[in-house]
Amino acid sequence: MSTIDAELDFRTPELDALASRVIPEQHFELRAEDARDSYFTDTSKLDAKQLAHDRFRTNPLALHDQLIRALELRGTEELLDLGCGNGEILARIRPHLAAGHLVGLDIAPGALEAARQRLDGVATPCEFVEGSADDLSAFGTDTFDRVMAVYMAHYVTDLPGCFAAVRRVLRPGGRFLLATDRPDSMVEMYDVHFAALHEMNAPQDLFRATPKARISLDNGAAQLEPYFSSVVRVDWHDQLQFGKAEHFMAFYRSCNYCCASSKPGEGLPQSFFLELEHRVRARVQAVIEERGYFALTKFTGHFICS
Ligand SMILES: C[S@@+](CC[C@H](N)C(=O)[O-])C[C@H]1O[C@@H](n2cnc3c(N)ncnc32)[C@H](O)[C@@H]1O
């Protein structure tokens, strides 16, 4: 594996120290079925999260700029987006592929419908397929020039099956782009979240990190290397700066309270989350009053595999 470091570096010794203090070893484990039946039955949370990432960023390059740069498109490629969600990224990429062909695959029908509507009427051929990223049997061998998996691989239980399938559908000379985070990304959110949970004597089960154990920037290369002859890790950083607590709280909610409310069917009462919100908000507000904004530092990136 080779590595390309962030052009804009937000890492500081203080953030490293905070991460080693607050990021737990244990992560939540999410499943594709839960994505389909619970988190993405509609895309309201995904829509809110994407808006906040874009609106409050301080890196002049947005996620889609980073992806477009990494995809190195000529404009005629056939591209498959695994876990395309609401189609926001496909819509951003489409002008760079005006004479190409886009296929969005997602396990959640509600997400696929949002993507279909977002791209409705564009002249570039677009198809939307319901299915799971670890079963690409709907597609022939050597079909795509580009395959992407953007912030979705942590849902895929059979990652070896997924990577073998991507290798099969990718044409020789094509590239696979997998975007994910470092486990300490957005450590400031964990800090206020866990502090509030501690105050509430919350169940131990909730003291887990968001689901980056299965795959992250730190452990992804070793999993990809058996399937691709070249794996390049590209790190990039951003910092979301929230000048108003209410905007941070909307983001925190859209992250399912750092996954604390992600468990379908076994939910804690609403009163628990109201109290959690109240305590987190007070901490965020105190930082805003002292510093002018509440910062969330993103340590993110992607692997370019060929
Ligand atoms: C966090 S969203 C990311 C959406 C989009 N890639 C983006 O970055 O904006 C994860 C998406 O992956 C989908 N998903 C989860 N597991 C999947 C699987 N095994 N196969 C296909 N899609 C899956 C979810 O339904 C959801 O739309």
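Above: the structure in question.
Not measured: the values here are computed from a predicted model.

The rules behind these values
- Residues numbered from 1 in each chain as written.
- Predicted model: local features only at pLDDT ≥ 70, side-chain atom pairs only at ≥ 80, totals over all residues.
- Heavy atoms only, no water.
- Helix = DSSP H or I, 4+ residues; strand = E, 2+ residues; numbered from the N terminus.
- Rg over C-alpha atoms; globule rule 2.2 N^0.38 Å.
- Buried < 20%, exposed > 50% of the residue type's maximum accessible area, 1.4 Å probe, protein only.
- Contact = heavy atoms within 4.5 Å.
- Areas by Shrake-Rupley, 256 points an atom, 1.4 Å probe, with all protein chains shown as cover.
- Right-handed = clockwise from strand over helix to strand, strands pointing away.
- Near = heavy atom within 4 Å.
- Polar contact = N/O pair within 3.5 Å; in protein donor to acceptor, adjacent residues only side chain to side chain.
- Pairing = 2+ DSSP bridges.
- Axes fitted to C-alpha atoms, helices over the stretch in contact; angles between N-to-C directions.
- Phe/Tyr/Trp six-rings, centres within 6.5 Å; stacked < 30°, edge-to-face > 60°.
- Lys NZ or Arg CZ within 6 Å of the ring centre and 35° of its normal.
- Parallel < 35°, antiparallel > 145°, perpendicular 65-115°, else oblique.
- Left-handed = near helix turned anticlockwise from the far one by under 90°.
- Nonpolar A, V, L, I, M, F, W, Y, C, P; charged D, E, K, R; others polar.

Chemist: In this structure, what is going on with the overall build of the protein? I would like to understand it.
Modeler: Helices and strands together make up the secondary structure of the protein, namely eleven helices and eight strands. Relative to the compact-globule value of 19 Å for 306 residues, the protein shows a C-alpha radius of gyration of 19 Å, a close match. In terms of its C-alpha atoms, the protein occupies a principal-axis envelope of roughly 55 × 40 × 35 Å. Sorting the 306 residues of the protein into buried and exposed places 54% on the buried side. Across the protein, every contact between residues at least 6 apart in sequence was considered, and the portion connecting residues at least 24 apart equals 82%. For the protein, the accessible area works out to roughly 13600 Å², and carbon and sulfur atoms hold 48% of it.

Chemist: Is there a simple way to explain the pairing of strand E2 (residues 78-82) in this structure?
Modeler: Put simply, side chains in a regular strand alternate between the two faces of the sheet. With four of five residues buried, E2 lies mostly within the body of the structure. Between the parallel elements E2 and strand E3 (residues 101-106), the chain passes through helix H5 (residues 88-93) in a crossover that is right-handed.

Chemist: It is not clear to me how helix H4 (residues 63-71) should be interpreted in this structure. Could you clarify?
Modeler: The α-helix advances 3.6 residues per turn, and as a result positions three or four apart in sequence lie on the same side. Listing the buried residues of H4 in full gives His-64, Gln-66, Leu-67, Ile-68, Ala-70 and Leu-71. In the core, the buried residues of H4 are packed alongside E2, H5, strand E5 (144-150), strand E6 (170-181), strand E7 (231-242) and strand E8 (294-305). One or two steps after H4, the chain reaches Glu-72, where phi turns positive at roughly 45°.

Chemist: Please explain the site of the ligand as it appears in this structure.
Modeler: Near the ligand there are 21 residues, and of these Gln-50, Gly-83, Asp-106, Ala-133 and Val-150 occur at the shortest range. Take Gln-50: an N or O atom from its side chain is 2.8 Å from an oxygen atom of the ligand. Between Ala-133 and the ligand, the recorded distance is 2.9 Å, taken from a backbone N or O atom to a nitrogen atom. Secondary-structure elements contributing two or more residues to the shell around the ligand are helix H2 (32-39) and E3.

Chemist: When you look at the sheet that holds E8 in this model, what are you seeing that I'm missing?
Modeler: Pairing is mixed in the open sheet, where eight strands are placed in the order E1-E7-E8-E6-E5-E2-E3-E4. Either end of the sheet is taken by a strand with one partner, and the two such strands are strand E1 (2-4) and strand E4 (126-130). On average, each strand axis in the sheet is inclined to that of its neighbour by 20°, with strand direction left out of account. Strand direction decides the pairing type here: E1 and E7, joined by three bridges, are parallel. Within E7, the position partnered with Ile-4 by the bridge is Val-234.

Chemist: Looking at this structure, I do not really get the packing of aromatic side chains. What am I missing?
Modeler: How two aromatic rings sit relative to each other is given by the distance of their centres and the angle of their planes. By the definition in use, this model includes 17 aromatic pairs. Between Phe-194 and Phe-207, the aromatic rings sit 5.7 Å apart at their centres with planes inclined by 20°, giving stacked as the arrangement. Within this pair, whereas Phe-194 is found in helix H8 (residues 187-199), its partner Phe-207 is found in the loop between H8 and helix H9 (220-224), the two being separated by 13 residues in sequence. This pair shows no difference in class: Phe-194 is buried, exactly as Phe-207 is. Judged by centre distance (5.8 Å) and plane angle (15°), the ring pair of Phe-248 and Tyr-252 falls under stacked. Separated by four residues within a single helix, Phe-248 and Tyr-252 lie in helix H10 (residues 245-254), roughly one turn from each other. Both residues of the pair, Phe-248 and Tyr-252, count as buried. Through a chain of ring-to-ring contacts, three or more aromatic side chains come together here, namely Phe-56, Phe-242, Phe-248, Phe-251, Tyr-252, Tyr-257, Phe-272, Phe-273 and Phe-294. One residue, Arg-182, lies across the ring of Phe-299, its end atom 4.0 Å from the ring centre.

Chemist: Would you explain the packing of H8 against helix H11 (residues 270-291) in this entry?
Modeler: A packed helix pair is summarised by two numbers, namely the angle formed by the two axes and the spacing between the axes. Viewed as axis vectors pointing N to C, H8 and H11 meet at an angle of 125°, and their least axial separation amounts to 9 Å. Classified by the interaxial angle, the pair formed by H8 and H11 is oblique. Every pair of crossing elements has a handedness; the one defined by H8 and H11 is right-handed. Listed contacts from H11 to Val-192, His-193, Ala-195, Ala-196, Leu-197 and Glu-199 of H8 are Phe-272, Leu-276, Arg-279, Val-280, Arg-283 and Val-284. Classifying every residue of the contact of H8 with H11 gives eight nonpolar, one polar and three charged.

Chemist: Please explain the side chain of Asn-256 as it appears in this structure.
Modeler: Here Asn-256 lies in the loop between H10 and H11. At 2.8 Å, the side chain of Asn-256 and the side chain of Lys-45 are in polar contact. Apart from residues no more than four positions distant in its own chain, Asn-256 is found in contact with Tyr-39, Lys-45, Ser-261 and Ser-262.

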